[in-house]
Amino acid sequence: MKRTFPLASLCPQAMTVSADIVKRQLKQKPFIVCFIMNLACCAVWAQPKNAHCPIPIHRKAGKMTVVDTTRIRIWYAFNADDIKDENTYIDQQRLDIGKHVTKYYSDFYFRSDSLKAAWLKAHPGASSVPNFLGNGGKNYGTWSEYECSDLFISNGRLTEYATMPRYLDKYNSWYTEPYPLQQWKIEPERQTILGHQCQKASCHWRGRDFVAWFAPDIPVQAGPWKFGGLPGLILKLQDTDGVYRFEAVQISSRPFPISKYDFKNYRSSTREKVWKLQKTFNENWFKAADYHKASMDAAGNMVVGEAVSIYTPYNPIELE
Amino acid sequence: MMKRVIALVAVFTAACTLSLAQTIIEGTVLGAQGKAVDAYVMVSQKETGIIIASANTNSKGEYKLEIQSKTDSLTVTAAGMNIGQMAKVIANRSQRLNFSVKEESVKLKEVAVRAQKIRQSGDTLNYLVGAYQQQGDRVIADVLKRMPGIEVSDNGGIKYNGKAIKKFYVEEMDLLQGRYGLATNNINAQDVATVQVLENHQPVKALQGKTLTNDVAINLKLKNSAKGTLAVNTMLGGGIQRSGGWGFGPHPLSDGQNTIGKNPLWTAEAVSMYFAKRRQNMTLYKGNNTGNDVSKELTQHYSSINSVNLYPFCPTDAVMPGGSGLPQQRTFDNHSHILTMNHLEKLFTDTEAGLNIAYYNDRIRCEGSSESDHFTGDNSRLLTSETMTSETKINNLNVQARYNWNAPNGFVANVLKFDTHWNSDHVEGLLSSERTGTAPMGYGDERVRQHFDRPRLSVSNTFNTIRNIGRHTLDLHFSAGYSQRPNTLAVDIDSLQEGTSTGYRQDVTSRHIAGNLHTNYDFRFGAFTLNYGVMAHASLHGIETDLDGFEAGNHSLRNDLWYNTYEVVIGQHYKFVQGHWRLSLGCPLNLYTQTLDDRIREDKHSYVHLLVTPNVSANYEWCDWTANVSANYSKTVGDPGGIYSGYIMNNYRSFQRSYVEQLSETDRMGAGASIGYRSSLTATFLRLNGSYSHTRDNQTYGTSYEGATSVVQAVDRRTEADSYKLGFDGSKGFDWLQSTLRAFCGYGYSTSERLIGGTVYPFHSRSASAGAGGTITPLPWLNFVLSSGYSWNISQTNGSIDNPAQTVRSASQRLKVNVYVTKQLTLAASVEDNYNNLTTENRHAWFGDATAKLKLKHVDLELQMNNIFDQRRYTRVNYSGLDIYTQTSQLRPRNIIGTIRFKLL
């Protein structure tokens with residue numbers, strides 16, 4: 001099936017236009033070429049979220065059930081420019097630690113889902129739903145695996161329920177792997193984060209070097225994303241290149257329900273397959289989604305135009 | 001040099017061999033019954049606490065740690081989510097170490113880098129009190145004022161995005177029944193966790209999800225520590241003022257030039273509060289003679305049930321020193337006491353009973369002078385100047401008992417109200433008046449003594465039930481009441497010219513009996529709701545009046561009449577709700593019967609009218625935006641103020657009779673539109689509204705002057721009036737320097753007519769106002785609150801030569817600075833400027849106040865210094881297009897008050 005859209009509805013069209021201008025300018029002035037090459041280099045040092053994939057309209061998942069109650073809930077800022085302003089985060093994420101189950105997921109995305117549900121309730125006749133409600137951080141409305149995957153940890157295994165970008169929901173999948181995943185080296189440096197004395201630890205994992213700061217006074221062997229296994233909760237984590245940064249911004253020990261969608265429509269897969277898919281979608285969603293330009297013919301009918309393909313270099317947290 | 005290197009190498013080698021010495025610690029971590037638990041073990045250096053190794057336990061609870069450390073002793077800690085932490089200090093050598101742990105869950109302190117100040121979930125906005133509270137803020141009203149979108153007016157009324165709130169709850173219970181000033185001014189800010197704004201609030205559970213409203217409510221969510229405990233807070237204080245003499249008794253009434261207030265100053269309060277799941281109680285006493293108007297806290301901002309309106313007719317009043325627009329603290333010489341008890345008992349899950357008692361006692365003295373310059377027709381003017389001293393005694397008791405069943409399947413409420421006022425005014429004054437223009441004349445000076453006794457009693461009972469029958473709803477409402485006021489105004493005027501002394505006495509005994517019954521039935525078909533109702537309303541006014549001392553020619557000075565109205569209304573109301581839209585159309589048909597039984601004129605009449613009063617409104621809501629358009633038409637026929645043929649003294653300078661051979665008829669048409677925006681995430685609140693109204697009366701009130709006395713009579717002549725209004729207000733909160741910005745502006749234009757001395761004068765008035773304000777905290781210990789308002793008013797009456805349009809410009813600026821010297825000490829100072837361009841002296845009246853608050857462990861101390869610049873008199877001028885009024889008030893001089901506040905329980 002070909003997907004088409006009127007020109008105006010698609011913001012990446014603007015990208016193609018500017019690419020044309022670039023090509024034209026390339027022919028004209030050599031020094032501009034250098035400048036653009038520089039820019040391109042910067043782009044290759046890709047940020048965690050620079051893909052043009054739109055978020056799925058709905059998570060293709062069923063109703064939520066409560067699987068546990070939190071003992072501790074930690075909020076992490078994901079790549080914050082200003083830790084005090086959540087508008088400068090790419091995402092705010094939650095680590096819910098229950099008695100049996102630990103869950104890691106996007107706070108913004110979860111809040112948007114709840115607001116959408118409330119919105120639908122208030123507007124029962126609505127034919128469409130707003131794309132994103134509430135605070136979405138930087139570049140909201142676009143997909144990234146760090147925001148659209150739910151991680152569940154229980155009985156020494158980690159399960160990732162990966163929700164894929166718009167029009168690619170048939171690839172929604174899940175897999176499990178043993179947990180914890182990292183081999184840590186504990187180092188003597190210390191710093192205080194959110195009033196907790198933290199100690200440094202480092203590891204090399206899936207192609208990157210990471211530094212974590214864990215709090216020995218919080219007896220939880222978990223942390224942001226898939227990180228864990230230290231003798232204390234990880235309150236801050238980043239890779240040594242500084243591309244990925246997580247920092248705890250709030251801790252609460254009030255009881256919250258830990259809920260889980262019924263992911264029965266998600267297919268069983270392996271980490272390698274899911275990683276490959278996520279990388280492909282991040283690099284060229286247009287191609288993966290078989291995206292075509294729409295144009296108007298003389299009679300004013302919408303016709304399918306040329307296929308769109310925009311490649312964006314991608315620099316995932318797990319390089320392998 | 002070589003030796004040194006060798007020595008260093010030797011030391012390193014030794015250190016390496018030492019550090020390579022490996023210690024193996026192994027053992028088990030087992031739970032209460034010797035079962036393995038989910039845990040890990042970590043080892044740290046005892047001195048530094050630095051962790052050097054850790055290991056997880058296996059399924060049998062066993063662990064093994066291999067460490068290389070040269071320290072003497074180690075701390076080994078077994079830890080886990082479900083066991084907390086257990087530490088043992090051991091010597092640094094290989095050994096077995098077993099832990100036997102207890103199940104214990106980890107509790108952590110709540111911490112956050114930044115908490116989101118406003119959180120939205122559906123129709124509820126949650127404001128975190130902690131995020132808006134600043135050091136000097138004691139009660140929740142102080143914090144409410146800082147919250148964007150929330151506005152607290154001077155009388156304590158709360159508005160959310162320009163809309164007055166319709167319900168106020170503490171922990172979802174409406175204890176105070178509209179007297180929410182008691183809650184906002186007495187509940188400590190630190191006891192409140194969040195302030196919730198509930199939009200589209202439907203208090204009747206049976207109608208939730210069925211009948212949508214535009215109403216806004218506020219709920220205070222208390223912290224757990226404030227629930228279920230009795231708290232008693234007390235405050236005592238005293239002070240002195242710069243002049244005004246000493247003593248506790250009442251002041252003698254003087255010539256209107258005396259200082260306000262008397263030494264010593266005192267203030268006291270005791271507040272007890274109890275908020276639990278099934279019971280709430282709030283009892284308090286407050287009293288002072290410092291000018292603080294504590295009765296404001298008893299203002300009922302809304303009524304929980306639509307009780308019948310009782311208004312026994314009485315047009316009589318004493319002439320009092322006019323208010324200057326300044327806060328009462330500056331102009332009142334008072335002895336105020338309020339005592340109130342509010343109790344709510346939740347009998348069952350959905351059933352509650354409540355009792356609210358409020359008593360207010362006061363003795364208020366005001367002094368001042370007023371000058372008025374009246375246009376009296378024929379290009380002549382009447383100048384009067386009067387200095388006055390008044391003393392008002394107030395004794396109000398209000399009791400309300402309430403029963404309420406509010407369940408998802410039905411609603412029953414019964415409210416019994418009892419209200420008594422035993423109030424009187426006593427005014428002494430000196431009046432001088434003269435007429436200028438074509439026939440100038442001096443009327444000389446007169447000493448005027450007025451005494452107005454105005455007791456009033458009202459009793460009413462209201463019953464309301466709502467039932468859901470399938471998808472449809474039945475609403476039955478019955479209310480009846482009786483009210484009486486036997487009032488007397490006695491005036492003595494001693495003219496300084498001999499032989500012209502007069503005395504007037506006006507007796508008014510007025511009764512009002514009213515009852516109404518209405519029932520509604522809602523049919524619901526998809527997006528449509530059809531509401532049909534029948535309403536019966538009876539209102540009986542008995543008016544007996546007797547006036548002595550006035551010369552009225554042929555006209556009577558007595559009235560003895562019953563004016564009754566009976567209404568039967570067939571109500572029809574159609575609503576449509578879909579998607580973003582909400583439309584409503586109402587068109588009640590009213591069969592309106594009036595009977596007039598005038599026993600003086602021996603005239604019995606009855607009139608029947610059919611009134612059709614349609615109204616229509618449309619609402620549109622999309623994300624953070626709302627829009628509303630509405631229009632209505634109404635008609636009133638006759639009112640008790642328009643049917644009496646004998647003269648009644650309004651006040652000693654104005655006498656009125658209002659009967660023309662037909663009833664008054666007033667048509668009103670109104671239309672309005674508003675657009676609102678609110679975004680909790682960006683803390684932005686905006687509202688724009690406009691309205692138009694047109695009024696048409698079939699009779700006009702004409703004024704004519706007899707000497708210095710005005711006589712008002714209704715005249716059989718049509719008159720029309722139009723009014724246009726535009727307004728904007730908005731606020732925005734910033735995380736940057738904890739600042740909030742507010743702004744408003746308004747414009748109004750109105751036209752009407754005036755009938756003076758038999759001539760009609762068209763009248764135009766234009767007014768504009770704008771203002772802005774905000775708070776900012778540039779440094780953690782420094783906070784500024786600035787508010788500034790300007791208003792312009794241009795009024796003009798055509799047809800009189802010496803009345804060119806005059807512009808009244810007034811402005812007020814207020815700057816308050818809070819300095820948090822230490823965590824305990826807060827200093828605050830405020831300066832305000834009140835400007836009026838028509839005032840001859842002291843156009844800018846500057847006021848300054850300062851306070852110092854010291855918070856100690858068990859007591860709060862406060863020292864206030866008011867009116868630092870010692871302003872003694874305040875004059876403001878108003879111009880109405882024809883008449884000029886100048887009001888001068890005596891003020892309370894510079895004073896110092898110290899208070900101590902402590903928690904008894």
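Starting from 1, residues in each chain are numbered consecutively following that chain's sequence as written. Numbering of ligands from 1 and lettering of chains from A proceed in the order in which they are written. Where local features are concerned, this predicted model is filtered to residues with pLDDT of at least 70; where side-chain atom pairs are given and counted, the filter is 80 or more; whole-chain, interface and lining totals use all residues.

## Thoughts on the overall build of chain A
Selection criterion: Numbered from the N terminus, helices here are DSSP runs of H or I no shorter than four residues, and strands are runs of E no shorter than two. Around each residue's C-beta, the other C-beta atoms within 10 Å are counted; 20 or more make the residue buried, 12 or fewer make it exposed, and counts in between make it partly exposed. All C-beta atoms are placed from the backbone. Contacts here follow a simple rule: the backbone-placed C-beta atoms of the two residues must lie within 7 Å.
Along the backbone of chain A there are six helices and 16 strands. Counting only residues that meet the buried cut, chain A has 36% of its 320 residues in that class. Long-range contacts, defined here as pairs at least 24 residues apart, represent 59% of the contacts in chain A between residues at least 6 apart.

## Let's talk about the overall build of chain B
Helix and strand counts for chain B stand at five helices and 52 strands. For chain B, the proportion of its 905 residues judged to be buried stands at 31%. Across chain B, the fraction of contacts at a sequence separation of at least 24, relative to all contacts at a separation of at least 6, is 66%.

## Considerations on unusual backbone geometry
Tyr179(A) connects to Pro180(A) through a cis peptide bond whose omega is 0 degrees. Here Pro180(A) is to be found in the loop between β7 (173-178) and β8 (185-193). The step from Asn263(B) to Pro264(B) runs through a cis peptide bond, and the omega angle for that step is -10 degrees. Summarising the element assignment, Pro264(B) is placed in the loop between β18 (230-241) and β19 (265-275). The backbone of Arg206(A) sits at a positive phi, close to 45 degrees, despite the residue not being glycine. We classify Arg206(A) as partly exposed; it has 16 C-beta atoms within 10 Å.

## Some points on the pairing of strand β11 (residues 124-128) of chain B
Residues and elements named next belong to chain B. Keep this limit in mind: Two strands qualify as a pair provided DSSP detects at least 2 bridges between them.
Burial along β11 is one-sided: the residues Leu125 and Tyr127 are buried and none of Thr124, Asn126 and Leu128 is. Relative to strand β16 (residues 192-198), β11 is paired through five bridges, and the arrangement is antiparallel. Pairing of Thr124 across the sheet is with Leu198, part of β16.

## Considering the sheet that holds strand β14 (residues 163-164) of chain B
With antiparallel pairing, three strands are arranged side by side in an open sheet as β12-β13-β14 (chain B). A strand with exactly one partner marks an edge of an open sheet, and here the two such strands are β12 (150-152) and β14 of chain B.

## Here's the deal with the pairing of strand β48 (residues 844-855) of chain B
All names here are of chain B. Of the pairings in the sheet, the one linking strand β47 (residues 825-836) to β48 comprises eleven bridges and is antiparallel in character. Residue pairing across strands places Glu832 opposite Phe847, the latter belonging to β48. Where β48 folds back on strand β49 (residues 859-866), the antiparallel hairpin that results is connected by three residues.

## Things to note about the sheet that holds strand β3 (residues 51-56) of chain B
Residues and elements named next belong to chain B. Rule in force here: Helix axes are fitted to C-alpha atoms over the stretch in contact, other axes to C-alpha atoms as well, and angles between N-to-C directions run from 0 to 180 degrees.
Strand order across the open sheet formed by four strands is β3-β2-β5-β6, with antiparallel pairing between neighbours. Looking at the sheet topology across the chains shown, the edges are occupied by β3 and β6 (84-91). Direction aside, neighbouring strands of the sheet carry axes that sit 20 degrees apart on average. In this sheet, β3 lies alongside strand β2 (residues 40-45) in antiparallel orientation, the contact comprising five bridges. Considered in β3, the bridge of Ser44 is made with Ile51.

## With respect to helix α5 (residues 271-283) of chain A
Residues and elements named next belong to chain A. Selection criterion: Take the number of residues in a helix, subtract one, and multiply by 1.5 Å to get its expected span. As used here, the arc belongs to the directions running from the helix axis to the C-beta atoms.
Taking 1.5 Å as the rise per residue, α5 with 13 residues should run 18 Å; its terminal C-alpha atoms sit 18 Å apart, in good agreement. For α5, the set of buried residues is Val274, Trp275, Gln278, Phe281 and Asn282. Seen from one end, α5 has its buried residues packed into an arc of 135 degrees, which puts them on one side. When the buried face of α5 is taken as reference, the exposed residues oriented beyond 90 degrees from it are Glu272 and Lys276.

## Digging into the nonpolar core
For clarity, the cut-off: For our purposes the nonpolar core covers buried Ala, Val, Leu, Ile, Met, Phe, Trp, Tyr and Cys residues that link as a set through C-beta atoms within 7 Å.
Of all hydrophobic cores here, the largest spans 62 residues; its most connected members are Ala212(A), Phe214(A), Leu233(A), Ile234(A) and Leu235(A). Aside from chain neighbours lying at most four places away, what touches Leu233(A) is Ile74(A), Phe214(A), Ala215(A), Ile218(A), Val220(A), Ala222(A) and Gly223(A). Grouped together as the second largest cluster of nonpolar side chains are 39 residues, Ile118(B), Leu125(B), Met147(B) and Leu284(B) included.

## A look at the confidence of the model for chain B
Residues and elements named next belong to chain B. Stated precisely, the cut-off is as follows: The predictor's confidence in any single residue is recorded as pLDDT, a number from 0 to 100.
Of all residues in chain B, 94% have pLDDT values of 70 or greater, and the mean over the chain is 87. For chain B, the element scoring lowest by mean pLDDT is helix α1 (residues 2-20), at 50; strand β20 (residues 279-288) scores highest, at 96. Scored below 50 in pLDDT, residues 11-19 shows three contacts in the model against residues more than four places distant or in partner chains. Predicted complex, confidence summary: ipTM 0.77, pTM 0.66.

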